[in-house]
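These are the residues of each chain, in order.
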Amino acid sequence: MVSAAAFSRFREQRYFGSLDGLRALSIIAVIWSHTAPSWTGAAGAETGANGVTLFFAISGFLITTLLLRERERHGSIDLKAFYLRRTLRIFPLYYAVLLIYLIAVLTFENGTEAGEDFFSNLKYFATYTSNLFVPLDGRVIFFFAWSLATEEQFYLIWPPLMILLGSQGRALTLLGLVMAICVLAQWANNPWAGIVPIAITGGCALAILLHSEKGYALCHTVLGHSASGLAILALLVPALVWPALPDTLVHVLCVALVGACVMRESHLLSGLLRCRLLAYIGTVSYGMYLFHMLCKNLMIRILGALNLEQEGLALFFSTLALVVLVAGLSYRYFESFFLRLKLGLAR
């Protein structure tokens, strides 16, 4: 039976040490999917989608946990401060990278079909609506913005909904209804099924459950053991090699993995997820996500100039090394300025 002390430790936890490691695994999976050797086939491409799914689960859990704790401490949620914090964290680097893409397309892709499509889609990239209006068929420059658009729409809608719903019970009921609709839409192969990812709503539901003592105790029976995270990760491995695994199951497992890694700081994966390298990659993962395709295309040119193989493992490792460097410089010399401003808005 879970102790009151364990629940109290969770509620007082201000930093979840394993989440940076999970972010690192997510972004590495994304980069692998876009640079994977041809022999990986569809499994290589599917890995990236699963990496994004894990990002969604982490985001839903963290945002909802922060809002719940803010409401409990202060009696209300300051929406203005919340949106200012998210703006300072997300917008500066996003629009800076979009500007780099604009210059790159004008320089290298001007007049090509992909370049013309980019300029046509620019209004959707600039307004975080590419997930709604930009088809991902063929070559789409800046295609990965769809996931950032999905998260921004989530940030826009979910906090006011939490305020309107009031109680955690009503919020949990709504999330359950949304998840049920999403699952049915996926089974029906509805093209709009992915607009609200199950992993985001599942992450929100996880945060609400863990915020109450009864919900924490309920989740603890499955997720609270030291081996829970390792077992869930082992179940997720087939998703990397078997693309036919149902998307719904992958989303649920990603949410469960997040739960297992935050319910207790000491677990069988903590040594791996909290190692310095993965923690650092997780810290700069937002920049890595935005820069990784630019770094990939640059490495293709460099490898070609050196008469080396321009795909496969060589491309993966060189792209990964370069994007860690670029994202690290961005984090230190660009993002850090806005992060300091963001910290000043914390309640």
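Keep in mind that what you see is a predicted model, and the values were worked out from it rather than measured.

### What about the overall build of the protein?
Summing up its helical and strand segments, the protein has 16 helices and zero strands in all. Seen through its principal axes, the protein has C-alpha atoms that stretch 60 × 45 × 40 Å. Burial status across the protein gives 51% buried among its 347 residues. Within the protein, contacts between residues at least 6 apart in sequence are counted, and of these 75% link residues at least 24 apart. Put simply, the protein shows about 16800 Å² of open surface, and 67% of that area lies on carbon and sulfur atoms. Separation of charge centres in the protein, based on 24 positive and 19 negative side chains, amounts to 12 Å.

### What to know about the environment of lysine 123
Mapping lysine 123 onto the fold places it in helix H5 (residues 113-126). Lysine 123 sits in the partly exposed class, given a relative accessible area of 48%. Sequence spacing of lysine 123 and lysine 214 is 91 residues, and the spatial spacing of their C-alpha atoms is 46 Å.

### With respect to the packing of aromatic side chains
All told, the structure shown has 28 aromatic pairs when counted by the stated rule. With 5.5 Å between their ring centres and 40° between their planes, phenylalanine 10 and tyrosine 216 make a pair best called tilted. Of this pair, phenylalanine 10 sits in helix H1 (residues 4-12) while tyrosine 216 sits in helix H10 (residues 213-223), and the two are 206 residues apart along the sequence. Its relative accessible area of 1% is what places tyrosine 216 among the buried residues. Both rings, one in tyrosine 95 and one in tyrosine 128, keep their centres 6.0 Å apart while their planes meet at 85°; by these two values the pair is edge-to-face. Residue tyrosine 95 is located in helix H4 (residues 79-109), and its partner tyrosine 128 is located in the loop between H5 and helix H6 (130-133); the two are separated by 33 residues in the primary sequence. Given the relative accessible area of 6%, tyrosine 128 is considered buried. If you follow arginine 69 out to its NZ or CZ, it ends over the ring of phenylalanine 10, 5.4 Å from the centre. Just above the ring of tyrosine 155 sits the side chain of arginine 86; from NZ or CZ to the centre is 4.7 Å.

### A closer look at the state of the cysteines
Counted according to the given criterion, the structure contains zero disulfides. This cysteine, cysteine 275, is not joined by any disulfide, and cysteine 261 carries the nearest cysteine sulfur, 13 Å off.

### With respect to the nonpolar core
By size, the foremost hydrophobic cluster in this structure holds 96 residues, and its most contacted members are Phe61, Tyr94, Phe142, Val258 and Met288. Here this core gets 11 residues from one element, more than from any other, and that element is helix H3 (residues 41-74). Other than its neighbours up to four places away in sequence, phenylalanine 142 contacts Tyr94, Val97, Leu98, Tyr101, Phe118 and Phe125.

### Concerning unusual backbone geometry
With the exception of glycine, the majority of residues adopt a negative phi angle, and the majority of peptide bonds are in the trans configuration. One non-glycine residue, tyrosine 128, lies in the positive phi region at around 55°. Here the phi dihedral of asparagine 307 falls at roughly 60°; this positive angle occurs in a residue that is not glycine. If you trace the backbone, asparagine 307 turns up in the loop between helix H15 (285-305) and helix H16 (312-343).

### What about a nonpolar patch on the surface?
A cluster of nonpolar side chains, Leu298, Ile302, Leu306 and Leu308, forms an exposed patch at the surface whose accessible area comes to about 360 Å². Take leucine 298: it is sitting in helix H15. The partly exposed category is assigned to leucine 298, whose relative accessible area is 43%.

### Here's the deal with the side chain of serine 318
Among the secondary structure elements, serine 318 is positioned in helix H16. According to the relative accessible area criterion, serine 318 is buried, its value standing at 18%. One polar contact links the side chain of serine 318 to the main-chain carbonyl oxygen of alanine 314, over a distance of 2.7 Å. When sequence neighbours within four positions are dropped, the list of residues in contact with serine 318 reads Met299 and Leu303.

### Some details on helix H9 (residues 198-211)
An ideal rise of 1.5 Å per residue puts 20 Å on 14 residues; H9 measures up with 20 Å between its terminal C-alpha atoms. The element H9 is largely enclosed, with a buried count of 13 among its 14 residues.

### Observations concerning the packing of H15 against H16
At a minimum axis separation of 7 Å, H15 and H16 run at an interaxial angle of 135°. Judged by the inter-axis angle, H15 sits oblique to H16. Regarding H15 and H16, the two cross each other, and that crossing is right-handed. Seen from H15, the contacting residues are Tyr286, Gly287, Met288, Phe291, His292, Cys295, Lys296, Leu298, Met299, Ile300 and Leu303; seen from H16, they are Ala314, Leu315, Ser318, Thr319, Leu320, Leu322, Val323, Val324, Val326, Ala327, Ser330 and Glu335. When grouped by side-chain class, the residues that make up the contact of H15 with H16 number 16 nonpolar, five polar and two charged.

Rules used throughout
Within each chain, residue numbers correspond to sequence positions counted from 1 in written order. At least 70 in pLDDT is required for a residue's local features to be given in this predicted model, at least 80 for side-chain atom pairs to be given and counted, and no such filter applies to totals for whole chains, interfaces and linings, which use all residues. Processing note: side-chain calculations cover all non-hydrogen atoms of the structure and skip hydrogens and water entirely. The numbering of helices and of strands both runs from the N terminus, where a helix is a DSSP run of H or I of at least 4 residues and a strand a run of E of at least 2. A 1.4 Å probe rolled over the protein chains alone gives each residue an accessible area, and that area as a share of the maximum for its type sets the label: buried under 20%, exposed over 50%, partly exposed in between. When checking whether two residues touch, look at their non-hydrogen atoms; a contact exists if any pair is within 4.5 Å. Throughout, the Shrake-Rupley method with a 1.4 Å probe supplies accessible areas, and for residues the shown protein chains are the sole cover considered. Positive: Lys, Arg. Negative: Asp, Glu. His and the chain ends are not part of the count. Throughout, a charge is located at the NZ atom of Lys, the CZ atom of Arg, the CG atom of Asp or the CD atom of Glu. Classification of ring pairs uses Phe, Tyr and Trp, with its six-membered ring standing for Trp, and accepts pairs whose centres are within 6.5 Å; under 30 degrees between planes counts as stacked, over 60 as edge-to-face, and the remaining range as tilted. We call a charge positioned above a ring when the Lys NZ or Arg CZ atom is no farther than 6 Å from the ring centre and deviates by at most 35 degrees from the ring normal. Throughout, disulfides are identified as pairs of cysteine sulfur atoms within 2.5 Å of each other. Think of a nonpolar core as a cluster: buried Ala, Val, Leu, Ile, Met, Phe, Trp, Tyr and Cys residues, connected wherever their side-chain atoms sit within 4.5 Å. Residues form patches when they are more than 30% accessible in relative terms and have no salt bridge. Like charges link within 9 Å. Nonpolar side chains (Val, Leu, Ile, Met, Phe, Trp, Tyr) link within 5 Å. Should a side-chain nitrogen of Lys or Arg be within 4 Å of a carboxyl oxygen of Asp or Glu, the pair is scored as a salt bridge. Polar contact criterion, stated in full: a pair of N or O atoms within 3.5 Å, where within protein one must be able to donate a hydrogen and the other to accept it, and residues adjacent in sequence count only if both atoms are side-chain atoms. Helix span, expected: 1.5 Å multiplied by one less than the number of residues in the helix. Fitted lines through C-alpha atoms give the axes, limited to the stretch in contact for helices. The angle between two N-to-C directions lies from 0 to 180 degrees. For classification purposes, angles smaller than 35 degrees are called roughly parallel, those larger than 145 roughly antiparallel, those between 65 and 115 roughly perpendicular, and all remaining angles oblique. For any pair of crossing helices, the crossing counts as left-handed if the nearer helix is rotated counterclockwise from the farther one by less than a right angle, and right-handed if it is rotated clockwise. Under this grouping Gly is polar, as are all residues other than the nonpolar Ala, Val, Leu, Ile, Met, Phe, Trp, Tyr, Cys and Pro and the charged Asp, Glu, Lys and Arg.

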